[in-house]
Amino acid sequence: MQWHWFAILGAHLIVTGCSLFLGESEADEAFHPGIEALARLRIIGENPYDYGSLWVGQRSTRSFVLTNAGSFPLTLQSQAFSSEDFEIHGLDFPGEGGTCPTTLPPGAECVLPIDYAPYVGGANHQVMTLYFEYRGKNHSTQLQLNGHGYTGESGTIDTQTFGASGLVQVGADYVLFDIAIQTNRRILGVGQTSGGMNAVRLLENGVIDTSFSTDGWAIGSVGTGITISNAVRLQSDGKSVVFGYGVNGNAFGALVRYRTDGSLDTDFGTSGVAIHAVGGVGLGFNEGGIQTDGKLVAVGFGDTEIFLARYLTSGSLDTSFHTDGLLLTNPTGGNESGNRLVFTTDGKILVAGHLQPSAEVLLLRYESDGQLDLSFGTNGWLMDDWLASFWFLTSHASTIELQTDGKFLLGANKRGDLSFGFSRYRSDGHLDTTFATNGRLTTSYSNDSHVIQSVKINKNGSFYAFGNFTTDAATYNPVVARFLSNGSVDTSFHGTGYLTVANSGTGFPKGFAVQRDGKVVLSGHAGDKFNFIRVWP
């Protein structure tokens, strides 16, 4: 082992709290040009700092004071956390309530707010690293952050951290149809209103986020009649796109794009709205998706056809798709509609739809240019008559989700008994017989009628199914179930594998979302209000 000895002349050794660093003078720098490497950004306060114990989904903010203990300005470059459980308050530097500038003069102090918002239960021991430049050289300093997360019982309503006993009701004369979780953990909901494709945003605790638009509600006007917002999707830049339709005489397809602050994105369509109408033809969008290149694909219904359209990021039709950006498909010659879509890893478009009045479920796969993929099924499509897609509120209930291995899970109702039904297919369109019983799964949770609405596949291959059950024609209650990847019931969820939320005041459940911490947010409405329910994973 070789030892190196250094003599430091004129330096002052300073110890404050748990921070140890060397301060220098300009004279020291002149005689010893390497000594500036020993200058450090000082963090005043406890190090390590313990936030204590919080429920997963709660948030605690601690403001740390930074000071430049050197004789020259330093530039704050970036920060990094060893876990997503800790983050800058408000996400973006310097954070909400933070005062740190990019350049910190010598002797100056500033405030950096740091949140602990645990994603997982148990002990969290993490490190925040601050990177800065001082006199042309890059340095870093670290702060140890500790905390502990509590979790509720799997499959129970999150009464600890969300709304009033796990339920949030907002708005008036609205029906909630879809939910998206933004990267800042905020919850975006869209649905049915009069005169506009409206969206509401909640903070992670269920309180309306008044920083969104002016009062938490954003309105995209598409006419004076009834408007249906069936789906909301998030772009990589944080903007949100709502897919749906309006009814003013004939139905017409509509897309609305909002900026992150809830204002209409005037760079999209006409003042943030793109409308597609054909005289004498009723059409609309039931679902939408965003390709990796940012283009928007919408699927829905024409008079009797599956209606597919692709838009550029500007909101104009993409004329490289099919011939003019629009495509009507009717492989059976009957009364058809498109309900859901997903994108395969090679850029193809997989659509789940249905045939009326017999309610068979249809699957179609398109090439990226809009042509049917003839290698799939029979001439690009297949029919699953073991399943049935029934009308519910504004669209037929059938849903599709893509697995990481290219297989896809189709959810609807088992024909004949109104129970949840699932079929899993290989990428070539053949049933995956390793799933459940020869590729099919059916389950029900009472003698009541069930209608499936959505399926979400987790990273570990397990999946959630969400829908409703009803004992009469007027009462619809949410039900959410979890299954293992092979189709077995996951009894670790609520002890039975499912949760029914009877008599919750939440009717007409339709959309749901899974947060990054695994919690499930369910949608519905009651008393003409948007209803949100959150459940522990």
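As shown above, the structure is provided for reference.
Everything quoted here is computed from the prediction, not taken from an experiment.

Conventions adopted
- Residues numbered from 1 in each chain as written.
- Predicted model: local features only at pLDDT ≥ 70, side-chain atom pairs only at ≥ 80, totals over all residues.
- Heavy atoms only, no water.
- Salt bridge = Lys/Arg side-chain N within 4 Å of Asp/Glu carboxyl O.
- Helix = DSSP H or I, 4+ residues; strand = E, 2+ residues; numbered from the N terminus.
- Buried < 20%, exposed > 50% of the residue type's maximum accessible area, 1.4 Å probe, protein only.
- Polar contact = N/O pair within 3.5 Å; in protein donor to acceptor, adjacent residues only side chain to side chain.
- Pairing = 2+ DSSP bridges.
- Axes fitted to C-alpha atoms, helices over the stretch in contact; angles between N-to-C directions.
- Phe/Tyr/Trp six-rings, centres within 6.5 Å; stacked < 30°, edge-to-face > 60°.
- Lys NZ or Arg CZ within 6 Å of the ring centre and 35° of its normal.
- Core = buried A, V, L, I, M, F, W, Y, C linked by side-chain atoms within 4.5 Å.
- Contact = heavy atoms within 4.5 Å.

Participant: Before we move on, can you summarise the pattern of salt bridges with the specific residues and values?
Facilitator: Applying the stated criterion to the full structure yields 25 salt bridges. Its salt-bridge partner being Glu-96, residue Arg-186 comes within 3.8 Å of it at the nearest N-O pair. In this pair, Arg-186 sits in the loop between β13 (175-181) and β14 (187-194) while Glu-96 sits in the loop between β7 (86-88) and β8 (103-104), placing the two residues 90 residues apart along the sequence. Across the pair Asp-178 and Arg-233 runs a salt bridge whose closest N-O atoms are separated by 3.0 Å. Note that Asp-178 is positioned in strand β13 and Arg-233 in strand β17 (residues 226-234), a separation of 55 residues in sequence. Look at Asp-178 and you get buried, because its relative accessible area is 8%. When salt bridges with common partners are traced through the structure, they connect Arg-59, Glu-87, Asp-115, Arg-185 and Glu-204 into a single cluster.

Participant: Tell me about the environment of Asn-230, and name the residues and values.
Facilitator: Structurally, Asn-230 can be placed in strand β17. A sequence separation of 40 residues divides Asn-230 from Val-190, and the C-alpha atoms of the two residues are 7.3 Å apart. A distance of 3.5 Å separates a polar atom in the side chain of Asn-230 from a polar atom in the side chain of Asn-286.

Participant: Which residues make up the pairing of strand β6 (residues 74-81), and what values do they have?
Facilitator: Residues in a regular strand point their side chains to alternate faces of the sheet. One ladder, built from two bridges, connects β6 with β8; its direction is antiparallel. Considered in β8, the bridge of Leu-74 is made with Leu-104.

Participant: Break down the environment of Thr-491 for me, with residues and values.
Facilitator: As for its position among the elements, Thr-491 is in the loop between β38 (477-483) and β39 (498-500). C-alpha separation for the pair Thr-491 and Ser-154, spaced 337 residues apart in sequence, amounts to 9.8 Å.

Participant: Could you give an account of the pairing of strand β33 (residues 408-414), naming the residues involved and the relevant values?
Facilitator: Burial analysis of β33 places six of its seven residues in the buried class, which makes it a mostly covered element. Bridge analysis of strand β29 (residues 387-388) against β33 gives two bridges, and the strand direction is antiparallel. Looking across to β33, one finds that Ala-388 is bridged to Asn-413. The hairpin formed by strand β32 (residues 399-402) and β33 contains five residues between the paired strands, and Gly-406 there has a positive phi angle of roughly 95°. Pairing of β33 with strand β34 (residues 420-425), which is carried by six bridges, proceeds in the antiparallel orientation. Along β34, the bridge assignment pairs Leu-409 with Arg-424.

Participant: Kindly report on the sheet that holds strand β26 (residues 349-356), identifying the contributing residues and their values.
Facilitator: Here we have four strands laid out as an open sheet, ordered β25-β26-β27-β28, and antiparallel in their pairing. Two strands lie at the open edges of the sheet, namely β25 (335-343) and β28 (381-384), each paired on one side alone. Across the sheet, the mean angle from the axis of one strand to that of its neighbour is 25°, orientation sign disregarded. Sheet analysis places strand β27 (residues 361-366) next to β28, joined by four bridges and oriented antiparallel. The partner of Leu-364 across the bridge, within β28, is Trp-381.

Participant: Please set out the packing of aromatic side chains residue by residue, giving values where relevant.
Facilitator: Using the criterion set out here, one finds 21 aromatic pairs in the structure. With 5.0 Å between their ring centres and 85° between their planes, Tyr-49 and Tyr-51 make a pair best called edge-to-face. For Tyr-51, a relative accessible area of 9% puts it in the buried group. For the pair Trp-217 and Phe-530, a centre-to-centre distance of 5.5 Å together with 50° between the ring planes defines the contact as tilted. With a gap of 313 residues between them, Trp-217 in strand β16 (residues 217-220) and Phe-530 in strand β42 (residues 529-535) connect regions that are remote in the sequence. Just as Trp-217 is buried, Phe-530 falls in that class too. Grouping aromatic residues by their ring pairs yields a cluster made of Tyr-49, Tyr-51, Phe-64, Phe-86 and Tyr-116. Against the face of Phe-64 rests Arg-62, its NZ or CZ located 5.1 Å from the ring centre. When the ring centre of Trp-536 is taken as reference, the NZ or CZ atom of Lys-519 above it lies at 4.0 Å.

Participant: Before we move on, could you go through the nonpolar core and cite the residues and values that matter?
Facilitator: Ranked by internal contacts, the top residues of the largest apolar core, which has 25 residues, are Leu-41, Tyr-51, Phe-64, Leu-66, Leu-112, Ile-114 and Leu-145. Looking at this core, the elements that each hand over two or more residues are β3 (41-44), β4 (49-55), β5 (60-68), β6, β7, β9 (109-116), β10 (122-134) and β11 (137-150). Aside from chain neighbours lying at most four places away, what touches Phe-64 is Ile-43, Glu-46, Tyr-49, Tyr-51, Cys-110, Val-111, Leu-112, Ile-114, Leu-143 and Leu-145.

Participant: Before we move on, can you summarise the side chain of Gln-515 with the specific residues and values?
Facilitator: Relative to the assigned elements, Gln-515 resides in the loop between β40 (512-514) and β41 (520-526). Separated by 3.1 Å, the side chains of Gln-515 and Arg-534 make a polar contact. Sequence-distant contacts of Gln-515, that is, excluding residues within four places in its chain, are made with Ile-181, Ile-187, Val-521 and Arg-534.

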